[in-house]
Amino acid sequence: NVAIPTLSPEQLQAARAAATEARRVRAALKNDVRDGSKTLPQALDECAQDDVLAHIRVVDLLKAVPRIGEKRAGEIMARYDIAANRRVRGLGRHQIAGLKAEFS
C-alpha cells in the first residue's frame, strides 16, 4: 500500500480550488454543447487538447447534446462499445471517430 501524503492546510486549500475550477471548466464546456455554441465534435477536439476537460464522462457530454437523454446516450455508447463510466480521455480513436461522424 502507498501511504496517502498529508497535505498542509494551504495545499488542501489549493487542491480544493483546483478541483472547483476543474468542475467549472467542465460545466462550461457542457453548457456550450447544450446551448449549441459548440458541436459534440468540437467539444471532443477540445477535450483532446485539455487534460482537465478530458476527465468529462462521455455519458455527461452526450446528455449535454440537445434531445439526447439517458436512453439515447446509452444506445449511442453501446453502439460504439463505450463503457458507461468511461471518460473522454479513455476513448479509442475509432470510438472518437464514430462519435464525431454521428454528430457532424
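Structure: see above.
Given the structure is predicted, the values throughout are model-derived calculations rather than measurements.

S.K.: Help me understand the overall build of the protein in this model?
M.R.: Secondary structure summary: the protein contains five helices and zero strands in total. When the helices and strands of the protein are placed in sequence order, the string is α-α-α-α-α. Along the longest, intermediate and shortest principal axes, the C-alpha atoms of the protein span 45 × 35 × 25 Å. Here the protein holds 104 residues, and the buried ones make up 26% of them.

S.K.: Explain unusual backbone geometry to me, please; I cannot follow it from the model alone.
M.R.: Phi is positive for Arg 67, which is not a glycine, with a value near 70°. Turning to its location among the elements, Arg 67 is positioned in the loop between α3 (58-64) and α4 (70-79). One non-glycine residue, Asp 81, lies in positive phi territory at about 60°. You can call Asp 81 exposed: its relative accessible area is 65%.

S.K.: Would you mind going over the environment of Leu 62 with me for this structure?
M.R.: Within the secondary structure, Leu 62 sits in helix α3. What makes Leu 62 buried here is its relative accessible area of 1%. C-alpha of Leu 62 to C-alpha of Ala 17: the two residues are 45 residues apart in sequence and 27 Å apart in space. The contact partners of Leu 62, leaving out residues within four places of it in the chain, are Leu 40, Ile 68, Ala 73, Ile 76, Met 77, Leu 99 and Phe 103.

S.K.: When you look at helix α5 (residues 93-102) in this model, what are you seeing that I'm missing?
M.R.: Since one α-helical turn is 3.6 residues long, residues separated by three or four positions face the same way. Those residues of α5 that sit buried are Gln 95, Gly 98 and Leu 99. Taken around the axis of α5, the buried residues stretch over an arc of 95°, which confines them to a single face. Along α5, the residues that are exposed and aim more than 90 degrees away from the buried face are Arg 93, His 94 and Ala 101. On the buried face of α5, the contacting elements are α2 (40-49), α3 and α4.

Conventions we followed
Residues numbered from 1 in each chain as written. Predicted model: local features only at pLDDT ≥ 70, side-chain atom pairs only at ≥ 80, totals over all residues. Heavy atoms only, no water. Helix = DSSP H or I, 4+ residues; strand = E, 2+ residues; numbered from the N terminus. Buried < 20%, exposed > 50% of the residue type's maximum accessible area, 1.4 Å probe, protein only. Contact = heavy atoms within 4.5 Å. Arc of directions from axis to C-beta.

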